[in-house]
Amino acid sequence: MDAIILQILNGLDKGSAYALIALGLTLIFGTLGVVNFAHGALFMIGAFCAVTLSRILTLSHTIIDETKTDFLGNPLKVDVPYVHDIFGVAAGNVIIDWAVPLAILFAIPVMIAVGVIMERGLIKHFYKRPHADQILVTFGLAIVLQEVIKYFYGANPIPTPAPEAFKGSFDFGAAVGFDPNLIIYPYWRIIYFFFATLIIGGVFAFLQFTTFGMVVRAGMADRETVGLLGINIDKRFTIMFGIAAAVAGLAGVMYTPINSPNYHMGMDFLVLSFVVVVVGGMGSLPGAVLAGFLLGVLESFASMREVIDIIPGINQIIIYLVAIIILLTRPRGLMGRKGVMED
Amino acid sequence: MFKLEKTDQTLLIVVGILTLFAPFILNPFPEGSAMAQFNAGYPDLMQRFVIFGIFAIGFNILFGLTGYLSFGHAAFLGVGSYAAVWMFKLLSMNVIPAIILSVVVAGLFSLLIGFISLRRSGIYFSILTLAFAQMMFALAYSVLTPITGGETGLQLALDDPRIFGASQTPEGNIPVPGLFGLEMRDSFDLVMGSWVFTFNIGYYFCAMVMIASFYLAIRIFRSPFGLMLRAVKSNQQRMNYTGLNTRPYTLAAFVISGMYAGLAGGLMASMDPLAGAERMQWTASGEVVLMTILGGAGTLIGPVLGAGFIKYFENIFSKINSTILHEWFAFLPDGLEDFIVAILYPFIGKGWHLTLGILFMMVVIFLPGGLVEGGQRIRSWLQKRKSEKNTPNGSTEPAE
């Protein structure tokens, strides 16, 4: 029992990342009808927003401390971050420590800008082209973005730790009545899960309860009619692209403490997220979220020792296997709508 | 000749001459000169040209003719490599059985994967092939280590059985792949003045195979079967309405292109007898897509051009470093020189992928037909200019 709970918990944080990326992909596909292979790159750019912010915060200048000497007897040189000068030492240290959560505020405008520029600059010209062309051009864009990041940040993963307060683990088992230390779970992963649910809930609420969201939903259902009613649907769809980019970016920001960001993390997640979208049903937002969590949990169950002993290697292929079975038995995916992308 | 039309025949002959004389053509600069770094006439690179040419020709039979975009074709190449290396381990170091087995095994795999994946089309087909290829990659990397060698890759060893050959050479080394006594890595240098041309047996073997597969591709393109595949690309629904089941045709195309990939994999293993799982990764599948699109999907010569283009520039760009750039722009004033070098630097050396990505985007955006379309546009533009020159303005004006 405890093992099962542990695996469900383990699956949730990966599932949250899948769900967030797949949600963005589906938003783009549902609104603009574009298959965006560069979405993984947006996730990666989000992660590097966190890296950038923590670098900006630790920018420092060197002063000479006369009271201390180094081993040669010269006065010691000390690097002092500029935030210490502005906010004082104690507050400055807290700010540096909280770089990753602060990066959320930094990433939202950056990602929306990246998304809007991408849509207006490139993707706009590909609405009328076949899906294969869209896949190819966004695939090229993904390569370019990832190489640019590699040029500026190098090829090695950059550790970006979570704030000190969230280090360590939470004894989940003890809290719900099992023996202590059976089910322990890092705090940051719990936060990631709640953050993801918050974002997903936010996107759904935005679409469901605002006028803007209503127009967007109407546009997803019948773009032409909405246009004929005198609404500038293109502009709203562009904004939706920006929001989708921000969702992917935030997923990336918060993922940095779990997995140190490197330039190809986007590609690694992209393939899986596409599988998630297809399993959930192309164009279905609840489907994408459901499939994201489902596949995340399935993957962590497949990594259990007991399961691997029966079917070796299953943890490596479970997601693809599920995707193949779903595509062949339920061609529209779990919650796909009729008439969307039915070849 | 060869049961081909005139233009195809010329094309085949041109390709044949280009590949057979490649050691000359690719080595235009004398040894030791400043331009010698642009030479591509060494065996390793030339082998890669033709092997990836074969791979792209095969991919084009599927993507160019039917429009089905497979994102998992590298899996068949990887399977072919493994099959060939196993043949070297078990049977003998002769490349013929190895290549036959790699084509057969790749064909079987593509039959299975194609049978399942072709039930869907469009993006679903792409995702299904991608899923299969990633599955094979993951398995080859982990569980199937006894068969695939896992992370280290499959290598030859001194104690391999090699029933029809020797386990080791008299000197106690691992034997090298060969063709009835001709060793694949043997080559001889022809020195003419300050030029050195290298003729490599392995390269010529690959080149002959490529010319043969190019010929086969022409025949497929011009056959009724090829016409049927084009019809699938332009309007599959209509084909279905006329009462025709298209799946056997697309499946045949898928299997043929899978076998081409297996052939390329077998050749790759014959040139350098080891096989690794990274050949099956989806980035490798993406590369063949890039080659085909860059050259021109759906055209005969396009994929070969694309493969050559990408492999050549990959090699050249990776070799250039900032010192070479500084040498090139040494004639400029110092400030300007540094500025230009600083701008160009991200695109060379390790930045080759950046250049490739930008180039690829440019091609997809502005030149969907690839290099071939570019060539056609230039030709028609030249012809237009020529005809404008030949007809003076005054005489074309209508009489009043």
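What counts, and where the lines are drawn
Residues numbered from 1 in each chain as written. Chains lettered and ligands numbered in written order. Predicted model: local features only at pLDDT ≥ 70, side-chain atom pairs only at ≥ 80, totals over all residues. Helix = DSSP H or I, 4+ residues; strand = E, 2+ residues; numbered from the N terminus. Rg over C-alpha atoms; globule rule 2.2 N^0.38 Å. Buried ≥ 20, exposed ≤ 12 C-beta atoms within 10 Å, placed from the backbone. Contact = placed C-beta atoms within 7 Å. Nonpolar A, V, L, I, M, F, W, Y, C, P; charged D, E, K, R; others polar. Expected span 1.5 Å × (residues − 1). Pairing = 2+ DSSP bridges. pLDDT = per-residue confidence, 0-100. Core = buried A, V, L, I, M, F, W, Y, C linked by C-beta atoms within 7 Å. Bend = angle between axes of the 7 residues up to and from the residue.

### Thoughts on the overall build of chain A
Step number 1: Each helix and strand counted, chain A has 15 helices and 4 strands in total.
Step number 2: Against the 2.2 N^0.38 benchmark of 20 Å for 343 residues, chain A shows a C-alpha radius of gyration of 23 Å, consistent with a compact globule.
Step number 3: Along the first, second and third principal axes, the C-alpha atoms of chain A reach 75 × 55 × 35 Å.
Step number 4: Relative to its full complement of 343 residues, chain A shows a buried share of 47%.
Step number 5: If you take every contact in chain A between residues at least 6 apart in sequence, the share linking residues at least 24 apart comes to 75%.

### A closer look at the overall build of chain B
Step number 1: Of regular secondary structure, chain B possesses 18 helices and 6 strands.
Step number 2: Rg of the C-alpha trace for chain B: 24 Å, near the compact-globule value of 21 Å for 400 residues, within the 12% margin.
Step number 3: For the C-alpha atoms alone, the extent of chain B along its principal axes is close to 90 × 65 × 45 Å.
Step number 4: Expressed as a percentage of its 400 residues, the buried residues of chain B come to 44%.
Step number 5: The contacts of chain B with a sequence gap of at least 6 include a subset with a gap of at least 24, amounting to 72%.

### With respect to the interface of chain B and chain A
Step number 1: Each partner contributes to the interface: chain B provides 34 residues, whereas chain A provides 32 residues.
Step number 2: Only helix 6 (122–141), helix 12 (282–295) and helix 16 (352–366) of chain B provide two or more residues apiece to the side of chain B that touches chain A.
Step number 3: No other element matches helix 6 of chain B, which puts 12 residues into the side of chain B that touches chain A.
Step number 4: Of the residues in the side of chain B that touches chain A, the class split is 23 nonpolar, 9 polar and 2 charged.

### A look at helix 4 (residues 74–90) of chain B
Step number 1: Over its 17 residues, helix 4 of chain B runs 24 Å from end to end, which matches the ideal 24 Å to within 8%, given 1.5 Å per residue.
Step number 2: With 16 of its 17 residues buried, helix 4 of chain B lies for the most part within the structure.

### So, the environment of Thr-283 of chain B
Step number 1: Here Thr-283 of chain B lies in helix 12.
Step number 2: Once the C-alpha coordinates of Thr-283 of chain B and Ala-74 of chain B are considered, the two residues, 209 residues apart in sequence, prove to be 8.5 Å apart.

### Side note on the pairing of strand 2 (residues 75–81) of chain A
Residues in a regular strand point their side chains to alternate faces of the sheet.
Residues and elements named next belong to chain A.
Step number 1: As defined by bridge partners, strand 1 (residues 60–69) adjoins strand 2 across 7 bridges and the pair is classed as antiparallel. Following the sheet pairing, Ile-64 is matched in strand 2 by Lys-77.
Step number 2: Hairpin connection from strand 1 to strand 2: 5 residues lie between these consecutive antiparallel strands, with Gly-73 at a positive phi of about 90 degrees.

### Let's talk about the confidence of the model for chain B
Step number 1: Per-residue confidence for chain B gives a mean pLDDT of 82; residues scoring 70 or more make up 94%.
Step number 2: Across the interface, the model reports ipTM at 0.78; the global pTM reads 0.83.

### Focus: the pairing of strand 4 (residues 187–192) of chain B
All names here are of chain B.
Step number 1: With 0 of 6 residues buried, strand 4 lies mostly on the surface of the structure.
Step number 2: Where strand 4 and strand 5 (residues 195–200) come together, 6 bridges link them in antiparallel fashion. Looking across to strand 5, one finds that Asp-189 is bridged to Thr-198.

### Thoughts on the nonpolar core
Step number 1: Of all hydrophobic cores here, the largest spans 225 residues; its most connected members are Leu-23, Val-247, Val-275 and Ala-323 of chain A together with Ile-54 and Phe-55 of chain B.
Step number 2: When residues no more than four places from it in sequence are discounted, the contact partners of Leu-23 of chain A are Ile-200, Val-203, Val-247, Leu-285, Ala-288 and Val-289 of chain A.

### Here we look at helix 5 (residues 99–121) of chain A
Residue and element names in this part refer to chain A.
Step number 1: Taking 1.5 Å as the rise per residue, helix 5 with 23 residues should run 33 Å; its terminal C-alpha atoms sit 31 Å apart, in good agreement.
Step number 2: For helix 5, the principal kink sits at Phe-106 and spans about 35 degrees; a proline, Pro-109, occurs within the next four residues.
Step number 3: Three or more residues of helix 5 are buried, namely Ala-99, Val-100, Ala-103, Ala-107, Ile-108, Val-110, Met-111, Val-114, Gly-115, Met-118 and Glu-119.

### Focus: the environment of Ile-158 of chain A
All names here are of chain A.
Step number 1: Positionally, Ile-158 belongs in the loop between helix 6 (131–153) and strand 3 (169–171).
Step number 2: Taking the C-beta count within 10 Å as the criterion, Ile-158 has 17 such neighbours and is therefore assigned partly exposed.
Step number 3: C-alpha separation for the pair Ile-158 and Gly-140, spaced 18 residues apart in sequence, amounts to 25 Å.
Step number 4: Setting aside residues up to four positions removed in sequence, Ile-158 forms contacts with Val-51, Tyr-153, Ser-260 and Pro-261.

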